[in-house]
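A structural walkthrough
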Amino acid sequence: MAYGRAASSRFTQVTEARARATQVRVDASTVTDPQKFKEYQDAQNQLSGALGRLLVTVERYPDLKSNANFLALQSQPEGTENRIAVARRDYI
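The structure displayed is predicted, hence computed values, not measured ones.

1. Describing the overall build of the protein chain
Within the protein chain, the secondary structure is distributed over four helices and zero strands. Ordered by position in the sequence, the α and β elements of the protein chain form the string α-α-α-α. The burial tally for the protein chain puts 21% of its 92 residues in the buried class. Within the structure as shown, the protein chain displays about 6,600 Å² of accessible surface, and the carbon and sulfur contribution to it stands at 53%.

Spelled out as C-alpha cells, the structure:
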C-alpha cells in the first residue's frame, strides 16, 4: 500500500523536522550571532520543506483531509508562524 507508506514517511519527516526546530533556542543573541541564526533558519527551512512535502501528499489523497488528527496538524504551523511573527515584532 504505497499510500500508507508515503503518508507515514511524510508524517515522520514532519515530526523529526518539528523536533529539530523546537530544539533551537531563540533569544536576542540569535539575531546577532550568524551561526545561531543560520542554525535557526536551517531548522525552520527543514520544517517548511517537510510540511510542503506532506501537503503535496495530502493533495494526492483527499480522504486524508477528513481525518480530525490531520486537521489539527494543519493548524499547528499557523500557530508557529504567528508565534514567530510576534517574537520578531517584539524584538524589533
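Past the structure itself, the notes keep going.
2. Looking at the pattern of salt bridges
The full count for this structure, using the stated rule, is two salt bridges. For Asp42, the salt bridge is made with Lys38, and the minimal N-O distance between the two is 2.9 Å. Of this pair, Asp42 and Lys38 both sit in helix α3 (residues 34–60), separated by four residues, roughly a single helical turn. What makes Asp42 partly exposed here is its relative accessible area of 32%. By relative accessible area, which is 44% here, Lys38 ends up partly exposed. In this structure, the salt-bridge partner of Arg89 is Asp90, at a minimum N-O distance of 3.6 Å.

3. Regarding α3
Between its first and last C-alpha atoms α3 spans 39 Å; for 27 residues at 1.5 Å apiece the expected length is 39 Å, and the two agree. When we look at burial in α3, the residues that qualify are Tyr40, Ala43, Gln44, Leu47, Ala50, Leu51, Leu54, Thr57 and Val58. The opening residue of α3 is Asp33, an N-cap whose side-chain oxygen sits 3.0 Å from the backbone nitrogen of Gln35.

4. Some remarks on the nonpolar core
One finds Val14, Leu47 and Leu54 to be the most contacted residues of the largest nonpolar core, which totals 13 residues. Elements supplying a minimum of two residues to this core: α1 (2–23), α3 and α4 (68–91). The greatest single-element share of this core, amounting to seven residues, is contributed by α3. Among all residues touching Leu47, those that are not within four sequence positions of it are Val14, Ala17, Arg18 and Ala21.

5. Some words on the packing of aromatic side chains
Following the criterion strictly, the structure yields one aromatic pair and no others. Taken together, a centroid distance of 6.3 Å and an interplanar angle of 35° make the contact between Phe37 and Tyr40 tilted. A residue pair is termed a helical-turn pair when its members lie 3 or 4 positions apart in one helix, as Phe37 and Tyr40 do in helix α3 at three residues.

6. Some details on the side chain of Gln44
Locating Gln44 in the fold gives a position in helix α3. Contact partners of Gln44, with chain neighbours within four places excluded, come to Ala21 and Ile84.

Scoring rules and cut-offs
Residues numbered from 1 in each chain as written. Predicted model: local features only at pLDDT ≥ 70, side-chain atom pairs only at ≥ 80, totals over all residues. Heavy atoms only, no water. Helix = DSSP H or I, 4+ residues; strand = E, 2+ residues; numbered from the N terminus. Buried < 20%, exposed > 50% of the residue type's maximum accessible area, 1.4 Å probe, protein only. Areas by Shrake-Rupley, 256 points an atom, 1.4 Å probe, with all protein chains shown as cover. Salt bridge = Lys/Arg side-chain N within 4 Å of Asp/Glu carboxyl O. Expected span 1.5 Å × (residues − 1). Polar contact = N/O pair within 3.5 Å; in protein donor to acceptor, adjacent residues only side chain to side chain. Core = buried A, V, L, I, M, F, W, Y, C linked by side-chain atoms within 4.5 Å. Contact = heavy atoms within 4.5 Å. Phe/Tyr/Trp six-rings, centres within 6.5 Å; stacked < 30°, edge-to-face > 60°.

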